[in-house]
Amino acid sequence: MAQEAKPRICKECGQLKPIDAFERNRPDVWRSECKECRKNSKPFPSIPNKAKREYEAKHPKPQIGDEFYCRVCEKTITIQTTRDVNLDHDHQTGKIRGYICNRCNTGLGNFRDNISHLKRAIQWLKGTLSFLF
């Protein structure tokens, strides 16, 4: 028998809430934002279907077995699954930027396409981000 899930803190509002205030992401994994915050959050706009079809007609998505060069990380990979390469877009405007590898796409998504956060992350990596305790 699985253990009963304990209350958790919502990553969006910072409040401690009972587990039933959260949705399941997978059978044994709970989302990090509560149902209320997810309901009230503005979703990232997806690529409009027409724009995606037009882009892919001019620039076909690389297929399994193809070599792919990611312009963000400058690595060449052999595509092994359909998820290895993603069609990246600006989440504010929906404008397509092009294909990048899944790792880079996930990284940009985790930073919410926020240039200020990315600049601070670069400072952190360089060891030049100062902070006080």
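Just so it is clear, the model here is predicted, and its values are computed rather than measured. (Residues numbered from 1 in each chain as written. Predicted model: local features only at pLDDT ≥ 70, side-chain atom pairs only at ≥ 80, totals over all residues. Heavy atoms only, no water.)

1. Let's talk about the nonpolar core
Inside soluble globular proteins, nonpolar side chains tend to come together where they are buried.
Here is step 1: Of all hydrophobic cores here, the largest spans 12 residues; its members are I47, Y55, F68, C70, I79, V85, L87, I96, Y99, I100, C101 and C104.
Here is step 2: At the level of elements, β7 (85-89) and β8 (96-101) are the ones that each hand at least two residues to this core.
Here is step 3: A total of 4 residues in this core trace back to one element, the largest contributor, which is β8.
Here is step 4: C10, I19, F22 and C37 belong to the second largest nonpolar core, which has 5 residues in total. (Core = buried A, V, L, I, M, F, W, Y, C linked by side-chain atoms within 4.5 Å. Buried < 20%, exposed > 50% of the residue type's maximum accessible area, 1.4 Å probe, protein only. Helix = DSSP H or I, 4+ residues; strand = E, 2+ residues; numbered from the N terminus.)

2. Quick word on the environment of K50
Here is step 1: Checked against the element boundaries, K50 lands in helix α2 (residues 49-58).
Here is step 2: With relative accessibility at 57%, the residue K50 sits in the exposed group.
Here is step 3: The spacing of K50 and K17 is 33 residues in sequence and 41 Å in space, taken between C-alpha atoms.

3. Observations concerning the pattern of salt bridges
Close approach of charged atoms lets side chains of opposite charge pair.
Here is step 1: Counting across every chain of the model gives 5 salt bridges.
Here is step 2: Among the salt bridges present, the one from E23 reaches R31, with a minimum N-O distance of 3.7 Å.
Here is step 3: Between R38 and E23 there is a salt bridge, with its nearest N and O atoms 3.0 Å apart. On the criterion of sequence distance, the pair formed by R38 in helix α1 (residues 35-40) and E23 in strand β3 (residues 22-26) is long-range, its members being 15 residues apart.
Here is step 4: In this structure, a network of salt bridges that share partners links the residues E23, R31 and R38. (Salt bridge = Lys/Arg side-chain N within 4 Å of Asp/Glu carboxyl O.)

4. Overview of unusual backbone geometry
Apart from glycine, the bulk of residues carry a negative phi angle, and the bulk of peptide bonds sit in the trans form.
Here is step 1: In this structure, R112 is a non-glycine residue whose phi angle is positive, near 55°.
Here is step 2: Located in the positive-phi region is D113, a residue other than glycine, with phi close to 55°.

5. Topic: a nonpolar patch on the surface
Here is step 1: A cluster of nonpolar side chains, contributed by W124, L125 and F131, occupies part of the molecular surface with about 410 Å² of accessible area.
Here is step 2: In this fold, W124 is placed in helix α4 (residues 115-126).
Here is step 3: Residue W124 is classed as exposed on the basis of its relative accessible area of 54%. (Patch = residues over 30% accessible without salt bridge, like charges linked within 9 Å, V, L, I, M, F, W, Y side chains within 5 Å. Areas by Shrake-Rupley, 256 points an atom, 1.4 Å probe, with all protein chains shown as cover.)

6. Remarks on α4
Here is step 1: For α4, spanning 12 residues, the distance from its first C-alpha to its last is 17 Å, which sits close to the expected 16 Å at 1.5 Å a residue.
Here is step 2: The N-cap of α4, judged by a side-chain oxygen 2.9 Å from the amide nitrogen of S116 a few residues on, is N114.
Here is step 3: Where α4 terminates, the next one or two residues include G127, which has phi positive at roughly 80°. (Expected span 1.5 Å × (residues − 1). Polar contact = N/O pair within 3.5 Å; in protein donor to acceptor, adjacent residues only side chain to side chain.)

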